[in-house]
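Descriptive analysis of the structure
Read off the chains here:
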Amino acid sequence: MFLKEAFSLFKLENTHVSVGFSKFAAATPQNVLLLKNSPVDQCKCSTHENHMLKLKALKITYGNNFWIDYLCDSNNLVGACWMGHCAICKDGKLFEKARENSEKATPVTWKMWEKDGNTGRIVQNVKEGCVGELENEVVSGWEVVLEHVRIKRIQSDLFQKMKVAKDQSILQIDSAMAYSCEYQNEVQSALWSRQSVNLFTAAFLVEVITTHHMFL
Ligand SMILES: [Zn+2]
Ligand SMILES: [Zn+2]
């Protein structure tokens, strides 16, 4: 959601509050990340995060140019390159080529989100190896990441188009997990009996900005 959209929603729901756009924007809660502060191409999933963590250990920043650098044609989401059928760039061939002269034997550590075999919980583990091994890790997961990003981009393009289409509406459902409820002026011992809440929010967007309806 854009700030202007949030602002118009706020005004609709709080007609008695007089606040300008800049004041409203400045009051953004700390837990709300603005679009400009979050990478465009990630969805906080382990596929994306693990890919970025591996690249980070190789001192490569995963940004908007990543796929421009390692696919011959990064524009056509249904073209051979994105579909993994292109003989020149499939399976991370251009990435391997770009890494030809790296110091393969240099020791390196990288972080990785994994499911713990005993508890079933997602944990972040630290891996050790050498640069060559880590490059192989990136290459072996290449096609999975590529397809994941391709689908994410198709969905996000469609979402942006539908947002401004006059004859379509969008129902966006999300969840925000494990909010901890605390009392105001809580006694210290209450810390261990805090309850947590999962929020399932939904926004229904009809036409443009002015007719949004939001409900929990
Ligand atoms: Zn993702
Ligand atoms: Zn290609």
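Here the structure is a predicted model, which is why all the values come from computation and not from measurement.

Next up on the list: the environment of Ile-173. Position of Ile-173 among the secondary structure elements: in strand β3 (residues 169–181). Separated by 27 residues in sequence, Ile-173 and Phe-200 have C-alpha atoms that sit 7.1 Å apart. Residues in contact with Ile-173, not counting those within four places in the same chain, are Thr-201 and Ala-202.

Okay, the domain arrangement of the protein next. Assigned domains within the protein: domain 1 (1–38), domain 2 (39–164) and domain 3 (166–216). Spacing between the C-alpha centres of domain 2 and domain 3 amounts to 31 Å. Listed as interface residues are four residues of domain 2 and, on the opposing side, eight residues of domain 3. Between domain 2 and domain 3, the buried area comes to about 540 Å², and carbon and sulfur atoms account for 65% of it. Here domain 2 and domain 3 share zero salt bridges between them. Taken together, the connections running from domain 2 to domain 3 amount to zero residue pairs in polar contact (both at pLDDT 80 or more).

The zinc ion (ligand 2) binds to the protein through Cys-72 (SG), Cys-81 (SG), Cys-86 (SG) and Cys-89 (SG), with metal-donor distances spanning 2.2 to 2.4 Å. Between the four donor atoms coordinating the zinc ion (ligand 2), the angles at the centre fall across 105 to 112°, so the site counts as tetrahedral. Among the residues examined, Cys-72 registers a relative accessible area of 45% and is labelled partly exposed. Note on Cys-81: relative accessible area 9%, which makes it buried.

What follows covers the pattern of salt bridges. Taken as a whole and judged by the stated rule, the model has seven salt bridges. With its nearest N and O atoms 3.0 Å apart, the salt bridge here joins Glu-114 to Lys-127. Here Glu-114, found in strand β1 (residues 107–115), pairs with Lys-127, found in strand β2 (residues 122–130); they are 13 residues apart in sequence, far enough to count as distant. Among the residues examined, Lys-127 registers a relative accessible area of 27% and is labelled partly exposed. Between Arg-194 and Glu-186 there is a salt bridge, with the nearest N and O atoms lying 2.8 Å from each other. Among the residues examined, Glu-186 registers a relative accessible area of 22% and is labelled partly exposed. When salt bridges with common partners are traced through the structure, they connect Arg-99, Lys-104 and Glu-135 into a single cluster.

Further remarks concern helix α7 (residues 142–164). Across its 23 residues, α7 extends 34 Å between first and last C-alpha, which sits within 8% of the 33 Å expected from 1.5 Å per residue. Of the positions making up α7, those classed as buried are Trp-142, Val-145, Leu-146, Val-149, Arg-150, Lys-152, Arg-153 and Lys-163.

A few words now on the packing of aromatic side chains. Considering all chains together, one arrives at 13 aromatic pairs under this definition. Relative to Phe-66, the ring of Tyr-62 has its centre 5.2 Å away and its plane inclined at 50°; by these criteria the two rings are tilted. With a relative accessible area of 9%, Tyr-62 lands in the buried category. Ring geometry for Trp-67 against Trp-82: centres 5.5 Å apart, planes inclined by 45°, an arrangement best described as tilted. Pair noted here: Trp-67 is in helix α4 (residues 66–70) and Trp-82 is in the loop between α4 and α5 (93–98), with a separation of 15 residues, a long-range link. Relative accessible area serves as the criterion here: at 0%, Trp-82 is assigned to the buried category. Through a chain of ring-to-ring contacts, the aromatic side chains of Tyr-62, Phe-66, Trp-67, Tyr-70, Trp-82, Phe-95 and Trp-142 assemble into a single cluster. Against the face of Phe-21 rests Lys-4, its NZ or CZ located 5.1 Å from the ring centre.

The rules behind these values
- Residues numbered from 1 in each chain as written.
- Chains lettered and ligands numbered in written order.
- Predicted model: local features only at pLDDT ≥ 70, side-chain atom pairs only at ≥ 80, totals over all residues.
- Heavy atoms only, no water.
- Helix = DSSP H or I, 4+ residues; strand = E, 2+ residues; numbered from the N terminus.
- Contact = heavy atoms within 4.5 Å.
- Domains from an automatic or database assignment.
- Buried area = accessible area lost by both parts, 1.4 Å probe.
- Salt bridge = Lys/Arg side-chain N within 4 Å of Asp/Glu carboxyl O.
- Polar contact = N/O pair within 3.5 Å; in protein donor to acceptor, adjacent residues only side chain to side chain.
- Donors = N, O, S within 2.8 Å, 3.2 Å for Na, K, Ca; no water.
- Tetrahedral: all angles 85-135°; square planar, octahedral: opposite > 155°, others 65-115°.
- Buried < 20%, exposed > 50% of the residue type's maximum accessible area, 1.4 Å probe, protein only.
- Expected span 1.5 Å × (residues − 1).
- Phe/Tyr/Trp six-rings, centres within 6.5 Å; stacked < 30°, edge-to-face > 60°.
- Lys NZ or Arg CZ within 6 Å of the ring centre and 35° of its normal.

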